Amino acid sequence: MSSVLGLFWKIFVEFVAAFVRLFWKPSAKSIRGEIALVTGAGQGMGRLLCFRLAELGAKIIAVDVKEKANEETVEIIKQNGSVAFGYTVDLSNAKEIHRLASRVRDEVGDVTMLINNAGVVYPNTILSVTEEMIFNTFHVNVISHFLLIKEFLPSMKENNHGHIFAMASYAGLFGLQHMIDYRYTYPEIIMCSHSTPKLINLVNCFHNIDIKTSILTKWVSFLYHCLIFFPASKHAVVGLMEGLRQELRKENLDGINLTCFCPTFVNTDMVKRPQTQLGSVLVLTPEYTVNESVDAILRNKFLVSLPSATVLQIMREVMPGAVMDALSDHALADVKFFADEDK
């Protein structure tokens, strides 16, 4: 009986603490002197993450399959007076990841911040996606996370100090069609290291919906636009991070923090002016998304969705499927994102 009462008391305390956190942000930690390895660093979100972390005093290890772009990231960081190292690595190749880890430990030191940002996406249905696409997607988007964590977590455990960040997605929280292999809900990933599809037919996630459209319809439209593409690999990332969190908690390694970041669409130079039948799509800017990502790291937040997915998750559980479908059919319209080369 006492154990049951203790459990309920702990639950009550945690609910109160969660309520308090709605109005009070924990103080930001310093990352000055940390060694941060960032994948997909050659452009887009990865490059901006490198810049922001370098500004805060971290030593940057920039990793990308595109050598020239990655070198540019490193050079810009150095010109701004920060420390950076660059490594050209194909994250779909396990041997290259192992060589990277060995070189980094010898040439730079133990990684204390692992930023798993790189990813690939292929716009296909489950029957049209090829085996090569499936394997490449999971190697880059999921297996590379496992391998990099296995390489750099031991030193973090030894010192009970470190931070592991995973750039996941809204699609890691929900299910989407036409991107069965991917589960990534933002076009930024086109800019990441391994794939540049010419045209991606996405269903948009934020509509500039007419004011006459009900708030409920807007939310359902948003939910289903997020649910139509990108299934499996990003769900695996969310599961990996949750499993790792539990493992570290059981080992009382409270000095190692995790952040699983799940944004919606992020507008980039490569994916411009997305349009729908209902007007322009409201997307997140790369700068805003990176600032929120870094803020989540500095405040040791674990699972962060941008914007908050709490309402959507509740709706998914309580709304009848037929109702969701009807509201979705009323509000949805396809969005097409074109890369620069298609203009």
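Residues numbered from 1 in each chain as written. Predicted model: local features only at pLDDT ≥ 70, side-chain atom pairs only at ≥ 80, totals over all residues. Heavy atoms only, no water.

Asks: Lay out the side chain of R299 in plain terms, naming residues and giving numbers.
Replies: Here R299 lies in the loop between α8 (286-298) and β10 (303-306). Here P26 takes part through its backbone oxygen, which lies 2.4 Å from a polar atom of the side chain of R299. At a separation of 2.7 Å, a polar atom in the side chain of R299 contacts the side chain of D295. Contact partners of R299, with chain neighbours within four places excluded, come to K25, P26, S27 and A28. (Helix = DSSP H or I, 4+ residues; strand = E, 2+ residues; numbered from the N terminus. Polar contact = N/O pair within 3.5 Å; in protein donor to acceptor, adjacent residues only side chain to side chain. Contact = heavy atoms within 4.5 Å.)

Asks: Quick one: what's the story with the packing of aromatic side chains, residue by residue and with numbers?
Replies: One pass over the full model with this rule turns up one aromatic pair. Sitting over the ring of F302, R245 keeps its end group 5.3 Å from the ring centre. (Phe/Tyr/Trp six-rings, centres within 6.5 Å; stacked < 30°, edge-to-face > 60°. Lys NZ or Arg CZ within 6 Å of the ring centre and 35° of its normal.)

Asks: Provide a residue-level description of the packing of helix α4 (residues 94-107) against helix α5 (residues 131-159), including the pertinent values.
Replies: Contact geometry of α4 with α5 gives a least axis separation of 10 Å together with a crossing angle of 30 degrees. As judged from the angle between their axes, α4 and α5 are roughly parallel. Seen from above, α4 lies across α5 with right-handed handedness. Mapping the contact onto sequence places A94, I97, H98, L100, A101, V104 and R105 in α4 and S144, L147, L148, E151 and F152 in α5. Looking at side-chain class alone, the contact of α4 with α5 contains eight nonpolar, two polar and two charged residues. (Axes fitted to C-alpha atoms, helices over the stretch in contact; angles between N-to-C directions. Parallel < 35°, antiparallel > 145°, perpendicular 65-115°, else oblique. Left-handed = near helix turned anticlockwise from the far one by under 90°. Nonpolar A, V, L, I, M, F, W, Y, C, P; charged D, E, K, R; others polar.)

Asks: Tell me about the environment of I77, and please be specific about residues and values.
Replies: Relative to the helices and strands, I77 resides in helix α3 (residues 67-79). We classify I77 as buried; its relative accessible area is 1%. Through-space distance from the C-alpha of I77 to that of I60 is 8.4 Å; in sequence the pair is 17 residues apart. The residues touching I77, leaving out its near neighbours within four places in the chain, are C50, F51, A54, I60, S82, V83 and A84. (Buried < 20%, exposed > 50% of the residue type's maximum accessible area, 1.4 Å probe, protein only.)

Asks: Can you lay out the packing of α5 against helix α7 (residues 233-250) for me, pointing to particular residues and giving the numbers?
Replies: It is at 9 Å that the axes of α5 and α7 come closest, and there the two elements cross at 15 degrees. It follows that α5 is roughly parallel to α7 by the angle criterion. The way α5 lies across α7 gives a crossing that is right-handed. Each of T137, F138, N141, V142, H145, F146, I149, L153 and K157 in α5 lies in contact with α7, whose residues at this interface are S233, K234, A236, V237, L240, L244, E247 and L248. A class-by-class count of the residues in the contact of α5 with α7 yields ten nonpolar, four polar and three charged.

Asks: Quick one: what's the story with the pattern of salt bridges, residue by residue and with numbers?
Replies: Once the charged atoms of two side chains with opposite charge are near each other, the side chains can pair. Evaluated as defined, the whole model comprises nine salt bridges. In this structure, R47 and E72 form a salt bridge, with 3.4 Å as the shortest nitrogen-oxygen distance. Taken as a pair, R47 in helix α2 (residues 44-55) and E72 in helix α3 lie far apart in primary sequence, 25 residues in all. On the basis of relative accessibility, which here comes to 35%, the residue E72 falls in the partly exposed class. A salt bridge links E55 to R52; the nearest nitrogen and oxygen atoms lie 3.3 Å apart. Within this pair, E55 and its partner R52 are both found in helix α2, separated by three residues, close to a single helical turn. Residue classification places E55 among the exposed positions, given a relative accessible area of 57%. The class of R52 is partly exposed, set by a relative accessible area of 26%. (Salt bridge = Lys/Arg side-chain N within 4 Å of Asp/Glu carboxyl O.)

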